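# Observations on the three-dimensional arrangement
Now for the letters of each chain:
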Amino acid sequence: MTTITPQPSTEAAPGAPAGKAIVSIAEVGRADVPIVGGKGANLGEMTAAGLPVPSGFILTTKAYRQFFDSNTLAPRVATELARVAPDDTAALDQRAAALHQLVLDAKVPDDLRLAIEQAYEGLAKEGSSYARVAVRSSATVEDTAQFSFAGMFESFLNVSDETALLDAVKKCWASAFQARALFYRIKQGLPADISLAVIVQRMVNSEKSGVMFTADPATHDASRIVIEAAWGLGEVVVHGAVTPDRHVLDKRSLAVVETQIATKEFLLTWDASTHATVRIDLTGDARAKAPVLSAGELAILGALARRAEEHYHVAQDLEFAIEGTEIFLTQTRPITTRQRPAEGGARAPGEGATVLVRGLGASPGRATGAVRVLASPGEGAAMLAGEILVTRMTSPDWVPIMRRAVAIITDSGGMTSHAAIVARELGLPCIVGTHNATRVLATGNVVTVDGQVGAVLAGAAEGPATPAPAPPPAPAPNARATTAGPVTATRLYVNLAEPERAAEVALQDVDGVGLLRAEFMMLEVLEHMHPSAFLAQRSADEFVRRMAEGVRVFARAFAPRPVVYRAMDFRTNEFRDLTGGAAHEPIEANPMIGYRGCLRYTREPDLFALELRALADVRRDFDNLHLMIPFVRTPRELEACLTLVAASPLGADARLERWIMAEVPSVVTHLAAYASMGITGVSIGSNDLTQLLLGVDRDSELFGSGYDERDPAVLDAIRSIIRQCHRLGLTCSICGQAPSVHADYAASLVEWGIDSISVNADAIDRTRRSIAVAEQRLILQQARARSSERGLRTHSGAPEQGEKEAGGGDRDDERSALAMQQ
C-alpha cells in the first residue's frame, strides 16, 4: 500500500478522498465534510488557503464504517441506542458506558491497521519530532455553522508509537457514544448514530497556545478579533482550566484596543524524560502574571484570523499553537454563538445592587435564581432546573447539567473556555474567570447573573437593560472631563498608543499625553509592514502622510495639552515580526539592549528623517506635539541624533520640546551633558531602567520577584534623576508601568518633587487621588516642620529666614495654594 505523507495532492480536493480509508490533510477541502468530518475538512481548506497548518493524515468515515462492519457492531449499537433516555442521567450513563466499551473491545481489521501504521511512518519521516502526533476526532456534523460539539469527542496528544496510535484511534471512535455526546446530539435533533473521522497530525511543541474569534462571541461585534492565550498546551484554555490573557483587536487595523493580562496558575507541557504531559505550577513564576503574547505575535495572529474569515466568508473560531518562532493554526470552525435580540448594549449593574462577584462577561443576558455550587459532574443529580450553576470550571461532562441551569458562573476560564462556548450556544448568561465564585457564593443564595457586564448581584435584581452610552464625540480642542478630580500641582499624564482611544481618553481628567508610543500607531498606519518594506512599495511622501495622520489624531484630541511623541523604538526581534521585516533586521542575541533607540536613528538617518517630517507636518497645526528620544546611552549618540533633528523641518522650531527617555543607567552620570545639548525634559522609563539596574530580563520566564521597580537601587536612581533635573532646570516625568500598578509609587515621586506622572488610562482616577493625598500629606509635614522651626527661633531669638530651600520652594508654594483651593 502506498505510504500516505502529508504533502499537497495534485488531485482536485473535492473528489480526492472518495473511496479512501486514509487521506492526507492536503487532499481535502470544505466539500469533504461527509468523508473527513467538519474538523478535517476545515484543516484541509486551511491548508489550501495557505494558512500554517501542521501536516498530517485523516482516517475517513470509510475507515470508521470498515471497522464497524468487520466487527458487526452496527446492529448491536442500534439496539443500545434505541434504549437511550437522554433526560434520565443514570440510564444515559449506563447505555453510554455499554456502547463505549463495545467499541473499545472491537479489533481494528488487519488491512486498516497496516494502512494506519504506514501513514504514521510516513509522517514520522518528515522529522524526528513528528513521531509524536495529536489524534483528534472529526464528526460529520461537527464544527459547522449550527453545531460546534465543543469538546464532545475525544482528542489525544503526544501519541508516540503505533500501538498507542491504534489505541487512540479506537478511543476517538468510541467517544461518539459517550453520555455527553449522545445527550447533545439527541437534544439538538441529530441522529444518535453518526460517522466519525479521525485526524492524525504532527504534534506541535506548544510554548504558547490559545484561541481566536473573528467576532466578539459575547457581543457579536464583527469589527473585533478576540485572542486568548496561555502558556504551554492549549487544552488549558479550551477547557477553562486556566484564565487566559485576553486581547481585543480592531479587525481592520489590527490595533490592540483592549488587553487583560490574567494570572496563569499552571501550564501543561510535554516532558521528554517521562514521555508524558506534565503540569508545571506557575506560583511565584514570572510567567504567571506576564503577557503570553508579544505585540508581534498578536499582529501575526490577528492577520491570520482575518485571512481565515475572508476565506470562509463567515466569522471563525480558531485555535493556535506557537513553537519557537513558528505559529500554527490547529483548528477553525464557524462561531456558533446563538444570536439573541438586542438588549440595549452595555449596561451597569442595577442601581443600588450589591455586587457579590465580578468576572468576565462571556455570554450576555440576565437571569435570577438560586445558586447551586458543584465540585464535579458526579454531583449533578442535585442540580435543579432553573438554578444557577457555580463551579470551578466545566468540561464536556457538564453539558447535561448546564442544560438545566439558567446561568453559569466559573472560577476560571476565558471567552473561549468550554463554559463560555456552550453557554453562548445554549443562550445562557455566563460569567467566567471570577477566581472566587465557589468560595463567595453558597448553594441556595438567590442572585442575579448579568453576563453582559460580568457581575453577580445579590437578590432578584432583574430589570430593563440600560441603554449603551453613545460613543464619545471627537472632543474640541481643550475638551476636558466634565467631572474633574482633585486639583494637583503634580501634572497627571496618560500613556497612549491606539488612535481609536484618543478622543475617549482626552475627555478624562488628564493634563496631556506623557508617552505616545509610535510603534503601535505605526502598526496600524503602515498595515503591519516593516517601514523599509513599506517604502520599497510606496513613496516616502505616502509614509509621511500616513504617519502624520495618525499623530494628528492625538494632537487634535488633546490640544492645547502637551502630547509627547516617543520616536519608533521597536527592537529588532519585534521589527522582524512585521511583514517584510526579516529582510531588513539583524538577528541579535539580546535585542533588549541591542540595535534600538537613539543609536538606530543615527545609523538609519533617512527613516528617522521621514518620522521627523511627519511630526513637523502636524506641528504646523498643533504645536502641543513634542519629541522624545528613547534609549539614550551616551552623549555622543544623543549629539548625533539631535544634529539630525536640527537638520529636519523641526530644527528651526524653537518652541519644540526635546525630551529624552531615562532608561539606561548611564543617564545618572550624563544628565548634565544632555542638558547642555538643549534637552528640555526627561521621562523616566522605569521598565527598562529597572531591568538594566538589576540585571534582570523582564521578558524572561526564569525571573519572578527579581524584577521589581520598588527595589532600593531603582528608587535611588529615580530620586537622583529627579533632583538632578531640578538643579539643571529640566522638566522631569515618569512613564513606566510602576506608577500604574503600585499605588505607593506616586507618593514617593511626589515627595521627591517630580513634575508629572504618566500612567495607563485605567489608572488615571486612582493615580490622581494618590497624588492629591501625597501632596496634602507633604504640605502638612512641611507646615509642621516650619511651625517647629519658628518655635525654636523664637526661643533662641534668631531672625526667621525668608528664603526657601533651593529647588523646592516654588513647588511648595504651588502645592499650598492648590491645597487651599481644595
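Structural notes, computed from the coordinates. (Residues numbered from 1 in each chain as written. Predicted model: local features only at pLDDT ≥ 70, side-chain atom pairs only at ≥ 80, totals over all residues. Heavy atoms only, no water.)

Broken down by element type, the protein chain carries 27 helices and 29 strands. Buried residues in the protein chain amount to 55% of all 822 residues. For the protein chain, restricting intrachain contacts to residue pairs at least 6 apart in sequence, the fraction spanning at least 24 positions comes to 68%. A total of about 32,900 Å² of accessible surface is found on the protein chain, and carbon and sulfur atoms cover 52% of it. (Helix = DSSP H or I, 4+ residues; strand = E, 2+ residues; numbered from the N terminus. Buried < 20%, exposed > 50% of the residue type's maximum accessible area, 1.4 Å probe, protein only. Contact = heavy atoms within 4.5 Å. Areas by Shrake-Rupley, 256 points an atom, 1.4 Å probe, with all protein chains shown as cover.)

The next subject is the packing of helix H22 (residues 686–694) against helix H23 (residues 712–728). At a minimum axis separation of 9 Å, H22 and H23 run at an interaxial angle of 125°. Considering the angle they form, H22 stands oblique to H23. In this structure, H22 crosses over H23, and the sense of that crossing is right-handed. Contacts between H22 and H23 involve Leu689, Thr690, Leu693 and Leu694 from the first element and Ala713, Val714, Ala717, Ile718 and Ile721 from the second. Considered class by class, the residues forming the contact of H22 with H23 number 8 nonpolar, 1 polar and no charged. (Axes fitted to C-alpha atoms, helices over the stretch in contact; angles between N-to-C directions. Parallel < 35°, antiparallel > 145°, perpendicular 65-115°, else oblique. Left-handed = near helix turned anticlockwise from the far one by under 90°. Nonpolar A, V, L, I, M, F, W, Y, C, P; charged D, E, K, R; others polar.)

With that settled, the discussion passes to the side chain of Asp411. Mapped onto the elements, Asp411 comes out in the loop between strand S18 (405–410) and helix H11 (418–426). Of the side chains with opposite charge, Arg439 lies nearest to the buried Asp411, which makes no salt bridge, at 5.2 Å. There is a polar contact of 2.9 Å between the side chain of Asp411 and the backbone nitrogen of Ala437. Setting aside residues up to four positions removed in sequence, Asp411 forms contacts with Thr243, Thr391, Arg392, Gly433, Thr434, His435, Asn436, Ala437 and Thr438. (Lys, Arg positive; Asp, Glu negative; His and termini not counted. Salt bridge = Lys/Arg side-chain N within 4 Å of Asp/Glu carboxyl O. Polar contact = N/O pair within 3.5 Å; in protein donor to acceptor, adjacent residues only side chain to side chain.)

On to the pairing of S18, then. Counting buried positions over the 6 residues of S18 gives 5, a clear majority of the element. Here strand S17 (residues 387–391) pairs with S18 via 5 bridges, running parallel. Directly across from Thr391, in S18, lies its bridge partner Thr410. Across 2 bridges, the pairing between S18 and strand S19 (residues 430–432) is parallel. Residue pairing across strands places Ile408 opposite Cys430, the latter belonging to S19. (Pairing = 2+ DSSP bridges.)

Before going further, it helps to spend a moment on the nonpolar core. By size, the foremost hydrophobic cluster in this structure holds 88 residues, and its most contacted members are Phe558, Tyr565, Ile718 and Ile721. The leading source of residues in this core is helix H16 (residues 540–558), at 9 residues. Ignoring anything within four residues of it in the chain, the contact list for Ile721 reads Ala662, Val667, Val668, Leu671, Val682, Ile684, Leu689 and Cys732. Counting residues in each nonpolar core, the second largest holds 44 residues, with Tyr64, Ala106, Ala119 and Ala139 among its members. (Core = buried A, V, L, I, M, F, W, Y, C linked by side-chain atoms within 4.5 Å.)

On their own, these measurements won't tell you what the molecule is for.
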